[in-house]
Amino acid sequence: MKKIQSSCNYCAIDCNLDFYVEDNRIVKVVPTKGYPVNDGFSCIKGVSLDKQHSMYKPSPLPRVKKADGTLEYVSWQEGYKEVATRLMEIRTKYGEDSVAGLSTGQMTLEEFGIFGHMMRNHLKANVDGNTRLCMATSAVAHKQSFGFDAPGFTLNDLELSDTIIFIGANPVVAHPILWSRVKKNKNKKVIVIDPRRSETAKNADHWYSIRHKSDLALLYGVANELIRLDALDHDFIDKHTNHFEEFKQFVSQYPIEKVAPICGLKEEEIKELVDLIQKGERVSFWWTMGINQGYEAVRSAQAIINLALMTGNIGKPGTGANSITGQSNAMGSRVFSNTTGLFGGGDFNNPERRAQVAKALGVEESLIIDRPTIPYNQIIENINAGKIKALWVVCTNPRHSWVNNDTFREAMEKLELLIVQDIYGDTDTSKQCHIYLPAVAGTKKEGTVINMERRLSALRPSLKKEEEERTDYEIFYGVASALGLKDIEENWKTPKDAFNFMRACTKNMPDDITGIEYEDLENSHGIQWPFRKGEVLTDDQRRLYEDGNFFTADKRANFVFEEIRENPIQLTKEYPYVLNSGRGTVGQWHTQTRTREIPIVADAAPKMAYVLMHPSLAKEKGIAENDIVEISSSNGQSADFEVHFHDGVRENELFAPMHYIECNLLTPSVYDAYSKEPSYKVAAVNIKPKKQ
Ligand SMILES: Nc1nc2c(c(=O)[nH]1)N[C@H]1C(S)=C(S)[C@@H](COP(=O)(O)OP(=O)(O)OC[C@H]3O[C@@H](n4cnc5c(=O)[nH]c(N)nc54)[C@H](O)[C@@H]3O)O[C@H]1N2
Ligand SMILES: Nc1nc2c(c(=O)[nH]1)N[C@H]1C(S)=C(S)[C@@H](COP(=O)(O)OP(=O)(O)OC[C@H]3O[C@@H](n4cnc5c(=O)[nH]c(N)nc54)[C@H](O)[C@@H]3O)O[C@H]1N2
Ligand code: SF4
Ligand SMILES: [Mo]
């Protein structure tokens, strides 16, 4: 029996797992002992990776829809040619802006490299990723506050912190191994700020049931009170930050009496929260989608960063303003996808940086795309406006996950060419495409993923591919060759080639990985960036900002703040309830294409879309548990949901797991102004009981 250590490619913890293999079959999956992230533990999704393609497995050959609507399987060579010819026909006819791509935070660093080089540099296409639906807010917040998209923490900070504050994060469900690290810490208080009593709130010492999307008011109010109490780290503020005096002035308009009613909290509750922060010696703040997905999300994330800066809770063990990442390689997508920044980071319009990247890739500077992509929402809008005609979707399922998802249904009908590259041919997006490119699952792929604490780890195949099966990397390479891109055909033959190009791009950048060889990551503890050539690895837990230096020009972090805006989604008489959404259970992953293959997850998961409803609202409406109701949204759509009672949701709020396609039928097209991340967490809805 062979043992292969590889990374879990679901969530951004990137647990390592040992796959035991016999006769090209995975016999068992055991969480890797001694791996610093998960040390012998994992959740159900990780140990079930062997189940992929056990029940639903596409034909290994590309599938092409013919003019009469019938489907035809073609050889890979024909498939590559079909993709290349049709993409180029559309590009020639309508121009380079008529071709776009959507990728994901679930591809490897190497796949980002080759796809980003082909699509952005060679074809000059717009390509955004589902990272826009997830981490864009944190990325923008980090860049503006710290000078680079660099989350500074190491996961061990969870074990060293005495005051752990989760804001809009539910790690018990969404990041179970992160939560297990919290549980290991015996000397801590856990505080949760979430409108609903989530699974994490249930396990916390303090829970503040904040009114939806009022975090900014709360955080400014807390900052003001900390200033009033002089609970500040003056030395840190003076030496390492900018704009504190303006910030102090600004937040003086948010006394507790003013913010308490905005947040739906009692004044005493806010005072208690302030007291907990003041008394904490090592306070860490952790946020996820409850903050990132909002109409003023970037400023809310920065309001958390401001609290850490003013109290000096950053760059020290057990502290930090820490953004929890979602997907296994969302961090990789942020720095290596060539979408919103150059490979390895840096602006497209910075000539010096462009020259470095061109040199690292061994190409002329003129080949490097000179502008960021248009964001996801604009890609969909441009399809619906008839400007984008071809879309290549890789490793994401937007027909289900895109906000106000009927607009994506519309887009699918408008497109002349929809290419979908997925491990399943029957997803809501792939089942209707013109060309379907079947990729093998992670257990047959190799490459690198980067977790939320900047740790690179190896994905290595535990199974051999069958004869006609292809990896995502091979598919990209095949299409690039069919497009006649000699640079890629000759120099990007293997994932290792792509890794080396990406590594070269990071030289002297904050995410410098020039000290890592591709093979170093195998059977390793993973390596956190930065790791420069010549450095010696002495510690498995490294955090940034320990010297108080940030990545801005003057090395100081910025206090960034702005007037609170009115939420564009308002409750009205017609739509008097809030629909909140997010992760339902540990076993269910997003659009459920993969986790439907884990029998104990599939059997336990409700079959029908459902909402959590407070029993008193249900009583008022004459609704019984398990009744079916029609929920209509101010976006003009409606869908049926089963009602599950839950006394932890606010009385005028419902919570819908995003794992059901009905959920995003109801979410509105509202985005943060700076990150363009959708405000998924709030739809204004009404409820109509259905006759039983
Ligand atoms: N089992 C499982 N795990 C996953 C995933 C999965 O699909 N399934 N997906 C992964 C991905 S990609 C991501 S991004 C993460 C997401 O991880 P999380 O962000 O932790 O999960 P969510 O359930 O989306 O949202 C977290 C909480 O935000 C709260 N919230 C809603 N509105 C507000 C608000 O206005 N203010 C505050 N303070 N809180 C609010 C919600 O009630 C919810 O409890 O999970 C990752 N892990
Ligand atoms: N209402 C609401 N909507 C949300 C959210 C929310 O909180 N509320 N959260 C948002 C967030 S944070 C996220 S990240 C998105 C996630 O949304 P999606 O990215 O659309 O969800 P997934 O189900 O993870 O889709 C991944 C797809 O890739 C395929 N796949 C898996 N592995 C591979 C592989 O190795 N190669 C290829 N080619 N394909 C593969 C899967 O079969 C699946 O079809 O949803 C967003 N939508
Ligand atoms: S916690 Fe995340 S990385 Fe670890 S096994 Fe579960 S899904 Fe995979
Ligand atoms: Mo996500």
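Quick note: structure is the one above.
These figures come from a predicted structure and were not determined experimentally.

Rules behind the numbers
- Throughout this description, residue numbers start from 1 for each chain and increase along the sequence as written.
- Ligands are numbered from 1 and chains lettered from A, in the order in which they are written.
- A pLDDT threshold of at least 70 governs which residues receive local features in this predicted model, and a stricter bar of 80 or more applies before side-chain atom pairs are shown or counted, although totals over entire chains, interfaces and linings include all residues.
- For the side-chain quantities, the full set of heavy atoms in the structure was used; hydrogens and water were omitted.
- At least two DSSP bridges between two strands are required for those strands to pair.
- Numbering of helices and strands runs from the N terminus; a helix is a DSSP stretch of H or I covering at least four residues, while a strand is a stretch of E covering at least two.
- Lines fitted to C-alpha atoms define the axes, with helix axes restricted to the stretch in contact, and inter-axis angles between N-to-C directions lie between 0 and 180 degrees.
- Exposure is judged per residue with a 1.4 Å probe applied to protein chains only, and the accessible area is read against the type maximum: over 50% gives exposed, under 20% gives buried, and values in between give partly exposed.
- A clockwise course of the path from the first strand over the helix to the second, judged with the strands pointing away from the viewer, identifies a crossover as right-handed.
- A cutoff of 4 Å decides nearness: a residue is near a molecule or strand if any of its heavy atoms lies inside that distance of it.
- Distance and chemistry together define a polar contact, namely a pair of N or O atoms within 3.5 Å, with one atom able to donate a hydrogen and the other to accept it when in protein, and with adjacent residues in sequence counting only for side-chain atoms on both sides.
- Throughout, the Shrake-Rupley method with a 1.4 Å probe supplies accessible areas, and for residues the shown protein chains are the sole cover considered.
- All residues other than Ala, Val, Leu, Ile, Met, Phe, Trp, Tyr, Cys, Pro, Asp, Glu, Lys and Arg, Gly among them, are scored as polar; the first ten of these are nonpolar and the last four charged.
- Centres within 6.5 Å make a pair out of two Phe, Tyr or Trp rings, where for Trp the six-membered ring is used; the pair is then stacked when the planes are under 30 degrees apart, edge-to-face when over 60, and tilted otherwise.
- The rule for a charge over a ring is simple: NZ of Lys or CZ of Arg within 6 Å of the ring centre, and within 35 degrees of the ring normal.
- Each helix should span, by expectation, one fewer than its residue count multiplied by 1.5 Å.
- Bend, at a single residue, is the angle you get between axes fitted to the 7 residues ending at that residue and the 7 residues starting at it.

Peer 1: Can you break down the sheet that holds strand β18 (residues 455-459) residue by residue, with the values?
Peer 2: With respect to topology, three strands assemble into an open sheet ordered β17-β18-β19, the strand pairing being antiparallel. The strands lining the two open edges of the sheet, one partner per strand, are β17 (447-450) and β19 (527-528). By the bridge criterion, two bridges tie β18 to β19 in an arrangement that is antiparallel. When the sheet's bridge partners are listed, Leu456 is paired in β19 with Ile527.

Peer 1: Give a description of the sheet that holds strand β1 (residues 2-7) that names residues and reports values.
Peer 2: Strand order in the open sheet formed by three strands is β1-β2-β3, and the pairing between neighbours is antiparallel. Here the strands that pair on one side only, and so sit at the sheet edges, are β1 and β3 (25-31). Taking the axes of each pair of neighbouring strands and ignoring which way they run, one obtains an average angle of 30° across the sheet.

Peer 1: How would you sum up the pairing of strand β6 (residues 99-103)? Please name residues and give values.
Peer 2: Burial within β6 is extensive, with five of its five residues counted as buried. Residues Val99, Gly101 and Ser103 of β6 are buried on one face, and the alternating residues Ala100 and Leu102, pointing to the opposite face, are buried as well. In this sheet, strand β14 (residues 390-394) lies alongside β6 in parallel orientation, the contact comprising four bridges. Counted as the bridge partner of Val99 is Ala390 from β14. Two strands pair when backbone bridges link them, and β6 and strand β7 (residues 126-129) are joined in this way by four bridges, in the parallel orientation. For Leu102, the partnering residue across the bridge sits in β7 and is Asp128. After leaving β6, the chain enters helix α3 (residues 109-122) and then returns to the sheet as β7, a path that is right-handed.

Peer 1: Lay out unusual backbone geometry with the relevant residues and their values.
Peer 2: Trans is the common state for peptide bonds, and a negative phi is the common state for residues other than glycine. Pro530 follows Trp529 through a cis peptide bond whose omega is 0°. Relative to the assigned elements, Pro530 resides in the loop between β19 and β20 (557-558). For Lys124, which is not glycine, the phi dihedral falls at a positive 60°. Its identity as a non-glycine residue notwithstanding, His590 has a phi of 35°, on the positive side. For His590, the location among the structural elements is in the loop between β21 (577-582) and α24 (599-604).

Peer 1: Describe the site of ligand 1, with residues and values.
Peer 2: In the neighbourhood of ligand 1, 34 residues make up the surrounding shell, with Asn170, Ala174, Asp194, Lys213 and Gln588 lying closest. A distance of 3.4 Å separates a nitrogen atom of ligand 1 from a polar backbone atom of Gly168. A distance of 2.9 Å is found between a nitrogen atom of ligand 1 and a backbone nitrogen or oxygen belonging to Val586. For ligand 1, the protein covers 99% of the area, taking 910 Å² as the surface of the free molecule.

Peer 1: Explain the site of ligand 2 residue by residue, including any values.
Peer 2: Taken together, 31 residues sit near ligand 2, with Asn130, Ser401, Asp422, Asp472 and Thr591 positioned nearest. At a separation of 3.0 Å, a nitrogen atom of ligand 2 approaches a polar side-chain atom of Ser581. A distance of 3.0 Å separates an oxygen atom of ligand 2 from a polar side-chain atom of Arg583. Protein burial of ligand 2: of its 920 Å² of free accessible surface, 99% is covered by the chains. Taken together, the residues of the shell around ligand 2 sort by class into 10 nonpolar, 15 polar and six charged.

Peer 1: Which residues make up the packing of aromatic side chains, and what values do they have?
Peer 2: Counted by the stated rule, this structure contains 26 aromatic pairs. Judged by centre distance (6.3 Å) and plane angle (90°), the ring pair of Phe148 and Trp529 falls under edge-to-face. You can see Phe148 sitting in the loop between α4 (136-146) and α5 (157-160) and its partner Trp529 sitting in the loop between β19 and β20, a full 381 residues away along the chain. A relative accessible area of 1% means that Trp529 is categorised as buried. Following the ring pairs from residue to residue traces out a cluster consisting of Tyr220, Phe244, Phe247, Phe250, Tyr254, Phe559 and Phe561. The ring of Phe348 carries Arg120 above its face, with NZ or CZ at 5.4 Å from the centroid. In this arrangement the basic side chain of Lys389 is found over the ring face of Tyr94, its NZ or CZ atom lying 4.9 Å from the centre.

Peer 1: Help me get a handle on α3, residues and values and all.
Peer 2: Between the first and last C-alpha of α3 there are 19 Å, a value that for 14 residues agrees with the 20 Å anticipated at 1.5 Å per step. The sharpest bend along α3 comes to roughly 30°, located at Gly116. Of all 14 residues in α3, 14 are buried, a share of seventy percent or more. Just beyond α3, the residue with positive phi is Lys124, at close to 60°.

Peer 1: Report on the pairing of strand β15 (residues 417-422), specifying residues and quantitative values.
Peer 2: For β15, the tally of buried residues reaches six of six residues, placing the bulk of the element in the interior. Strand direction decides the pairing type here: β14 and β15, joined by five bridges, are parallel. What sits directly across from Ala390, in β15, is Leu417. Pairing of β15 with strand β16 (residues 435-438), which is carried by four bridges, proceeds in the parallel orientation.

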